[in-house]
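Chain residues, written in single-letter form:
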Amino acid sequence: MGVEIGGTTMRAAIATSPRRIIARRAIPSPASLPADGIVQAAVGLVNELEAEAGAAPRAVGVSFAGPLDPKSGVILDSPHLRQTRGAPLRKMMEYALGVPVAMDNCENVAALGEHRLGAGRGLRSMLYVAVGTGIGAGIIHSGRLYQGARGAAGEVGHIVYDPKGSQCDCGRRGCWETLVSGPAIAREARVRLKADNSSILYNLCAGKQENVTSELVHQAALQNDRLASEILARAARWLGIGLANLVTVFDPERVVVGGGVAQIGNTILEPAFATARDYLYPFHRDSVRFLPAALGVDSGVVGALMLATKWR
Ligand SMILES: [Zn+2]
């Protein structure tokens, strides 16, 4: 079984191998609950899939939205699931499920999925960048995950680009994810709608700005709405600049971009990749490739299934 505990969505899949998923399910993530509520929701999802597949999992791999100690499974921090900080989530899951549980943060897990079965197969070095509720990266170095000294490498969404910018969930201002994530796109749209209600976004959200999501902005952009297109173009530009900077640091063979916002697809990824190429240090221009995640929204659960196979 692979379980992905995200800031917005909780997904799970049961499989006979990471390539062969038998059943899957997704629910809204109960992100505001304390750790035991999160565990309960995850266990509920596992039990439902178990019933649907008619088979119990022998091991569970878990992808979690926030840095954690990969050995102990204790959550170091989670801006999106705030009340889980310090909780021994891996042990809690093992106790509740009665099977071994392996756990890592969501970008590392998705990087593993993309590296073994997706857009990064066979590479020695690659970066996986997830753009969703926030931004994070999984770093593959010499064919293996690079986790940093404490398991917290890759928190690239909190690289500060604008010290006077919007407040970030981490407590600082102007982090990369305040410019590019799903909530950032929605926030920018709300601000712009106050000054301009001629956008079709205004109709799509039924005049209620609090209903605006990045998905609605995408829908409006698909109908050639000027405001929505400008908002996505701005997000794409910041995404590209940030990706180019990451290449400068890591010199990867490939950069794979996934996560919920990346599901918007070419409307955002094409201009982002073009901007990234413009901003690359000249030396890297011919050597690095930018690609969308091949597994789509499944990179996380496939990576989590990968983690679970260590007991096979
Ligand atoms: Zn931040």
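Whatever comes next refers back to the structure up there.
Each chain carries its own residue numbering, running from 1 in the written order of its sequence. In keeping with the predicted nature of the model, local features appear solely for residues at pLDDT of at least 70, side-chain atom pairs appear and are counted solely at 80 or more, and the whole-chain, interface and lining totals rest on all residues. Hydrogens and water molecules were not included; the side-chain quantities draw on all heavy atoms of the structure.

A. Spotlight on the coordination of the zinc ion. The rule for donors is simple: N, O or S, within 2.8 Å of the metal, or within 3.2 Å if the metal is Na, K or Ca. Water isn't counted, so a site may look like it is missing partners. Distances from the zinc ion to its protein donors, namely His-158 (ND1), Cys-168 (SG), Cys-170 (SG) and Cys-175 (SG), fall within the range 2.1 to 2.3 Å. A site with four donors is called tetrahedral when every donor-metal-donor angle falls between 85 and 135 degrees; four donors are called square planar, and six octahedral, when opposite donors sit more than 155 degrees apart and all other angles fall between 65 and 115; any other arrangement is irregular. Classification of the site at the zinc ion rests on its four donor atoms, whose angles at the metal span 105 to 120 degrees, yielding the label tetrahedral. Counting the intervening residues between successive donors of the zinc ion yields the motif H-x9-C-x1-C-x4-C. Linking His-158 in the loop between strand E8 (144–146) and helix H4 (177–180) with Cys-170 in the loop between E8 and H4, this pair joins segments that are twelve residues apart in sequence. Throughout, exposure labels follow a simple rule: accessible area from a 1.4 Å probe, protein chains only, divided by the maximum for the residue type, with under 20% read as buried, over 50% as exposed, and the rest as partly exposed. Look at His-158 and you get buried, because its relative accessible area is 14%. Overall, Cys-170 belongs to the partly exposed group, its relative accessible area being 31%. Secondary structure elements follow DSSP: runs of H or I no shorter than four residues count as helices, runs of E no shorter than two count as strands, and numbering proceeds from the N terminus.

B. Up close: the sheet that holds strand E2 (residues 9–17). Note: two strands are recorded as paired if DSSP finds a minimum of 2 bridges between them. On the basis of which strands lie adjacent, the open sheet formed by five strands has the order E3-E2-E1-E4-E5 and mixed pairing. Strands at the two margins of the open sheet, each flanked by one partner only, are strand E3 (20–28) and strand E5 (101–105). On average, each strand axis in the sheet is tilted by 15 degrees relative to the strand beside it, whichever way the strands run. In the sheet, strand E1 (residues 2–5) pairs with E2 via four bridges, with the strands oriented antiparallel. In the sheet register, Gly-2 faces E2, and the bridge partner there is Ala-13. Where helix H1 (residues 35–53) meets the sheet, it contacts E1, E2 and E3, and its direction lies at approximately 40 degrees from that of E2. Contacts between helix H3 (residues 106–117) and the sheet are confined to strand E4 (60–64) and E5, with E5 contributing the most and set at about 105 degrees to the helix. Inter-axis angles, ranging from 0 to 180 degrees, are taken between N-to-C directions of lines fitted to C-alpha atoms, where helices are fitted over the stretch in contact. Whether two residues touch is decided by their heavy atoms; if any such pair falls within 4.5 Å, the residues are in contact.

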